[in-house]
Amino acid sequence: MASSTSSKASLFLLATILFFSNACAISNPSNAENLNALKSFCRTTPYPEVCFNSLKLSISITISPSILNNLLQSLQVAISEATKLSDLFNNAGNSNSIIENKIGAVQDCKELHKLTLSSLKRSLSAIRSQNSKDLVDARTYLSAALTNKETCLESMESASGTLKPTLVDSVTNTFKYVSNTLSMLPRKPDMKKKQKKSTPKWFFSKSDDEGYDPSEVIVVAADGSGNFSTINEAVDFAPSNSFDRTVIYVKEGLYEENVEIPSHKTNIVLLGDGRDATVITGNRSFVDGWTTFRSATLAVSGDGFLARDIAIENKAGPEKHQAVALRVNADLTAFYRCSIYGYQDTLYTHSFRQFYRESDIYGTIDFIFGNAAAIFQGCNIVSLMPIPGQFTVITAQSRSSPDEDTGISIQNSSIVASTDLSSNSTMVKSYLGRPWRVYSRTLYIESYIDKFIDPLGWTKWNNNNDGDTEGLETLYYGEYENYGGGSDTRNRVDWPGFHLLDYNDAYNFTVSEFIAGDAWLGSTSFPYDDGI
């Protein structure tokens, strides 16, 4: 394994050196030669014609193109086009030519597009830094931007009006530049560096005489004994764009509110009195008129968010279909000893890098879904009894491009059924996952899988259509060293995209490799396993 790791690291180093050098420039360039070289280069991108048309104006007789120059130019064009799209969204918000048939359709797009512009600009800075670690971050930011596009288009499906076709076309065309840019970036390295864990200064426990310093800790209490009686008030009070962590201690109680952690509220920490004591609850749902994105009880868009000893619930019920308890579209977020309750679409791991440790997730259909790079360790994942006529499925990962560094990795966890589902498992089919998008990627690693899981393991997006083969060749589903009555892989699906992993394959989806966890999880005080 050591020699394999060294080889991979060396290959990435070589790729990075080539990427940041002019070694890829054309020798003895002429304008015609450069244009031909550019056409050849653009054929490797998802949208070759868009690539060529966006880069050909930068070709000159005196300056030879390089991969770096092409990438920077492509990204700058993407930022320019995205800025134009922002103006279109702003006009849509002040116009009667777009009609929201679901609450938040246009707002979803505006909010996500603001995050996209930020991601594109952060990517530009990361690439200009010419640092291999920053390249990894740039891939994360661009993957999140593409996820924002998909979510915007999903939200717009329910809208109507004369402006809708223009908006949809503009979103689709703008993000072709983003897709091309992501495809130009070299892949991230495989590193197995370990980092010593330490207890950060923000960490405290209730056992410390419950002596919370009011100057450092914001206290929320439903009974009025704290600084605030609602969590949203505390979040509003917290400093914006903070590089330091802001601790919000939420005392035992039931908090009936839809909590939003906006993108400018960075490094917020929510600490509760226990998952059975501190509960945030809501009931928004798709059936009641909300977009899936907007239905979340707790919505996290601020980077660096942490939560511990808290429960998040959407109590809309299974008949209300999509009803999100927790949505996370923020980078470097972690949850420890939390419970997340819902039915369909419980946990929306929307985008960026996320970590869940010793947490419980409950649901019926697609109850862990989205396009983050998300790792679950030591979690209890509990399938609930669905309404009549439904099956249960745990994951619906939505990776839409092979260039996106995203997926769901479930490691050292327990996959179990509620008592009523377990007793009816011969009548209700249950699966590990299905592909929401054609490059869907989900892994189960060294986990306990109970016998209620169907021997096939996985199902198609539309399991009522035998002819539906979309994504079965391009998805990546894998299992490694699982155990329990439902872990037998002898009768699993025979799709080209299903894999029985070896150690090296599985290691690619661990904390150290998949979410660069050694670089940031050590500062959280949350335990984690960096490998297998």
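Residues numbered from 1 in each chain as written. Predicted model: local features only at pLDDT ≥ 70, side-chain atom pairs only at ≥ 80, totals over all residues. Heavy atoms only, no water.

## With respect to the packing of helix α5 (residues 105-128) against helix α6 (residues 132-156)
The description of two packed helices rests on the angle between their axes and on the distance between the axes. Defined as follows: Simply put, an axis is a line fit to the C-alpha atoms, just over the touching stretch for a helix, and the angle between two N-to-C directions goes from 0 to 180 degrees. Each helix is a run of DSSP H or I of at least 4 residues and each strand a run of E of at least 2, with the numbering of both proceeding from the N terminus. Put simply, angles under 35 degrees are roughly parallel, angles over 145 are roughly antiparallel, angles from 65 to 115 are roughly perpendicular, and the rest are oblique. Helix crossings get a hand from a simple test, with the near helix turned counterclockwise from the far one by less than a right angle marking a left-handed crossing and a clockwise turn marking a right-handed one. Whether two residues touch is decided by their heavy atoms; if any such pair falls within 4.5 Å, the residues are in contact. Gly is put with the polar residues, along with every residue not named as nonpolar or charged; the nonpolar set is Ala, Val, Leu, Ile, Met, Phe, Trp, Tyr, Cys and Pro, and the charged set is Asp, Glu, Lys and Arg.
Here α5 crosses α6 at 165 degrees, and the two axes come no closer than 8 Å. Put simply, α5 runs roughly antiparallel to α6. For α5 against α6, the interelement crossing comes out left-handed. Taken together, the residues of α6 that come into contact with α5 (itself represented by Ala105, Asp108, Cys109, Leu112, Leu115, Thr116, Ser119, Leu120, Arg122, Ser123, Ala126 and Ile127) are Asp134, Leu135, Ala138, Tyr141, Leu142, Ala145, Asn148, Thr151, Cys152, Ser155 and Met156. Here the contact of α5 with α6 is composed, by residue class, of 14 nonpolar, six polar and three charged.

## A short note on the pattern of salt bridges
Two side chains that carry opposite charge are able to pair once their charged atoms sit near each other. Here is the rule: We define a salt bridge as a side-chain nitrogen of Lys or Arg found within 4 Å of a carboxyl oxygen belonging to Asp or Glu. Type-normalised accessible area, obtained with a 1.4 Å probe on protein chains alone, sets the label of each residue: buried when under 20%, exposed when over 50%, and partly exposed for intermediate values.
According to the stated counting rule, one finds 23 salt bridges in the structure shown. Where Arg353 meets Asp331, a salt bridge forms, and the shortest distance between an N and an O atom there is 2.7 Å. You can see Arg353 sitting in strand β14 (residues 353-357) and its partner Asp331 sitting in the loop between β10 (326-329) and β11 (333-336), a full 22 residues away along the chain. With a relative accessible area of 5%, Arg353 lands in the buried category. Here the residues in one salt-bridge network are Asp108, Glu111, Arg294 and Arg327, joined through shared partners.

## Notes on the pairing of strand β19 (residues 392-397)
Our working rule: Pairing between strands is defined by DSSP: at least two bridges between the two strands are required.
Within β19, six of the six residues are buried, which leaves it mostly tucked inside the rest of the structure. The sheet contact formed by β19 and strand β22 (residues 430-433) spans three bridges and is parallel. Pairing of Val393 across the sheet is with Tyr431, part of β22.

## Some points on the sheet that holds strand β15 (residues 360-363)
In space, the eight strands of this open sheet follow the order β3-β6-β9-β12-β15-β18-β21-β24, with parallel pairing throughout. Taken across any chain shown, the strands that pair with only one partner, and hence form the sheet edges, are β3 (253-256) and β24 (448-449). Pairing of strand β9 (residues 311-314) with strand β12 (residues 339-341), which is carried by three bridges, proceeds in the parallel orientation. Bridged to Ile312 within β12 is Ile340.

## So, the UniProt feature "active site" (unreviewed entry) in the chain
Test applied: UniProt positions are given in the numbering used here, feature names are shortened, and annotations may be inferred rather than shown by experiment.
Feature annotation in UniProt places "active site" (unreviewed entry) on Asp366, given in this structure's numbering. Note on placement: Asp366 falls in strand β16 (residues 365-370). We classify Asp366 as buried; its relative accessible area is 4%. Not counting residues within four places of it along the chain, the set of residues in contact with Asp366 comprises Asp345, Thr346, Val393, Ile394, Thr395, Ala396, Arg434 and Trp461.

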